[in-house]
Amino acid sequence: AAAVLLAVLAFLVSRSAALNGGRPAYTLDDAYIHLAMARNAVEHGQLGVNPGEFSAASSSPLWSALLVASVGLVGDQEGIPLFWAALSAVGCLWLVNRFYLARGLRAPGRLAACLAVLYAAPLPALVSTGMEHATHLFFLLLLLARGFDLLQPGARGSISRTCGAAFMATGFRYE
């Protein structure tokens, strides 16, 4: 399922680049706004769209923090949001596979579950926005899996890890 996702993303990015003078484009301008905020935070010490001005233009504090850290480490690269969104989408598929593997579902069933998440979410569309939605979904799935584990007889799960997943899910998208 991850290979299907990455193949679809490679097609979308290459097609987008072909239609935009060699540079792929995000499907929403929010990715560019977040990148501008991250760049201004790194260069001017203020999280905002305009240099030196704070603005609360994000509903995702942890996504903004992740982009600030990334721009600080690798510079102002337009592909940063795409990288994190794609990594998160692959992580979603990994979590779904892991969840069903722990419950004894065989490989064909796990593949079907992952493909269902791939298309029902829909992960390629979420990644193409360059926004936090795939990362939010990753932590929501993690929260659900941890909560499910807590409800099982013998409670294999950890309340602190479940709360951590809830914090991360909310931090990546609080609306």
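Scope of this entry: the structure provided in the associated data block.

1. Thoughts on the overall build of the protein
- Helices and strands together make up the secondary structure of the protein, namely eight helices and zero strands.
- Going from N to C terminus, the protein has its helices and strands arranged as α-α-α-α-α-α-α-α.
- Each principal axis of the C-alpha distribution contributes one length, and for the protein these read about 55 × 40 × 25 Å.
- Contacts in the protein between residues far apart in sequence, at least 24 positions, make up 61% of those at least 6 positions apart.
- Here the protein displays about 9,400 Å² of accessible surface, and carbon together with sulfur accounts for 66% of that area.

2. Details of the pattern of salt bridges
- Under the definition given, this model contains four salt bridges.
- The salt bridge partner of Glu78 is Arg23, with a shortest N-O separation of 2.1 Å. Residue Glu78 is found in the loop between helix H3 (61–74) and helix H4 (80–102), and its partner Arg23 is found in the loop between helix H1 (2–19) and helix H2 (30–44); the two are separated by 55 residues along the sequence.
- Where Asp76 meets Arg39, a salt bridge forms, and the shortest distance between an N and an O atom there is 2.8 Å. Of this pair, Asp76 sits in the loop between H3 and H4 while Arg39 sits in helix H2; the two residues are 37 residues apart in sequence, bridging distant segments of the chain.

3. Quick look at the environment of Gly109
- Residue placement: Gly109 occurs in helix H5 (residues 107–120).
- The class for Gly109 is partly exposed, based on a relative accessible area of 26%.
- Expressed as a C-alpha distance, the spacing of Gly109 and Tyr32, which sit 77 residues apart in the sequence, is 38 Å.

4. As for the layout of surface pockets
- In this model, the largest pocket occupies a volume close to 250 Å³.
- Of all the elements in the fold, those that place two or more residues in the lining of the largest pocket are H1 and helix H6 (123–128).
- Element by element, the count of residues in the lining of the largest pocket is highest for H1, at four residues.
- For the lining of the largest pocket, the per-class residue count stands at nine nonpolar, four polar and one charged.
- In this structure, the second largest pocket occupies an estimated 160 Å³ of space.

5. Some thoughts on the packing of H1 against H4
- It is at 10 Å that the axes of H1 and H4 come closest, and there the two elements cross at 155 degrees. As the angle between them shows, H1 and H4 are arranged roughly antiparallel. Regarding H1 and H4, the two cross each other, and that crossing is right-handed. On H4, the residues that touch Ala2, Leu5, Leu6, Leu9 and Val13 of H1 are Leu82, Ala86, Ala89, Val90 and Leu93.
- Across the contact of H1 with H4, the residue classes break down as 10 nonpolar, no polar and no charged.

6. Some remarks on the nonpolar core
- Membership of the largest hydrophobic core comes to 28 residues, with the highest contact counts inside it found for Leu5, Ala89, Leu93, Leu123, Val127 and Phe139.
- Where this core is concerned, the elements lending two or more residues are H1, H2, H3, H4, H5, H6, helix H7 (133–151) and helix H8 (159–172).
- By residue number, the principal contributor to this core is H4, which donates eight residues.
- Not counting chain neighbours up to four residues away, the residues in contact with Leu123 comprise Leu5, Ala89, Cys92, Leu93, Val117, Leu118 and Leu137.

7. What to know about the environment of Ile33
- Relative to the elements of secondary structure, Ile33 occurs in helix H2.
- Along the sequence, Ile33 and Asp149 sit 116 residues apart, while their C-alpha atoms lie 38 Å from each other.

8. Notes on the packing of aromatic side chains
- Using the criterion set out here, one finds six aromatic pairs in the structure.
- Here the aromatic rings of Phe99 and Tyr100 are separated by 5.1 Å at their centres, their planes lie at 85 degrees, and the arrangement is edge-to-face.
- Relative accessible area serves as the criterion here: at 32%, Tyr100 is assigned to the partly exposed category.
- Ring geometry for Phe139 and Phe172: centres 5.5 Å apart, planes at 10 degrees, overall stacked.

Criteria and cut-off values
Residues numbered from 1 in each chain as written. Predicted model: local features only at pLDDT ≥ 70, side-chain atom pairs only at ≥ 80, totals over all residues. Heavy atoms only, no water. Helix = DSSP H or I, 4+ residues; strand = E, 2+ residues; numbered from the N terminus. Contact = heavy atoms within 4.5 Å. Areas by Shrake-Rupley, 256 points an atom, 1.4 Å probe, with all protein chains shown as cover. Salt bridge = Lys/Arg side-chain N within 4 Å of Asp/Glu carboxyl O. Buried < 20%, exposed > 50% of the residue type's maximum accessible area, 1.4 Å probe, protein only. 1 Å grid on protein atoms, 1.4 Å probe; cavity = no way out; pocket = protein on both sides within 12 Å on 5 of 7 lines; lining within 4 Å. Points joined across faces, edges and corners; volume = space filled by probe spheres on them. Nonpolar A, V, L, I, M, F, W, Y, C, P; charged D, E, K, R; others polar. Axes fitted to C-alpha atoms, helices over the stretch in contact; angles between N-to-C directions. Parallel < 35°, antiparallel > 145°, perpendicular 65-115°, else oblique. Left-handed = near helix turned anticlockwise from the far one by under 90°. Core = buried A, V, L, I, M, F, W, Y, C linked by side-chain atoms within 4.5 Å. Phe/Tyr/Trp six-rings, centres within 6.5 Å; stacked < 30°, edge-to-face > 60°.

The quantities given are spatial measurements derived from coordinates; they are silent on function.
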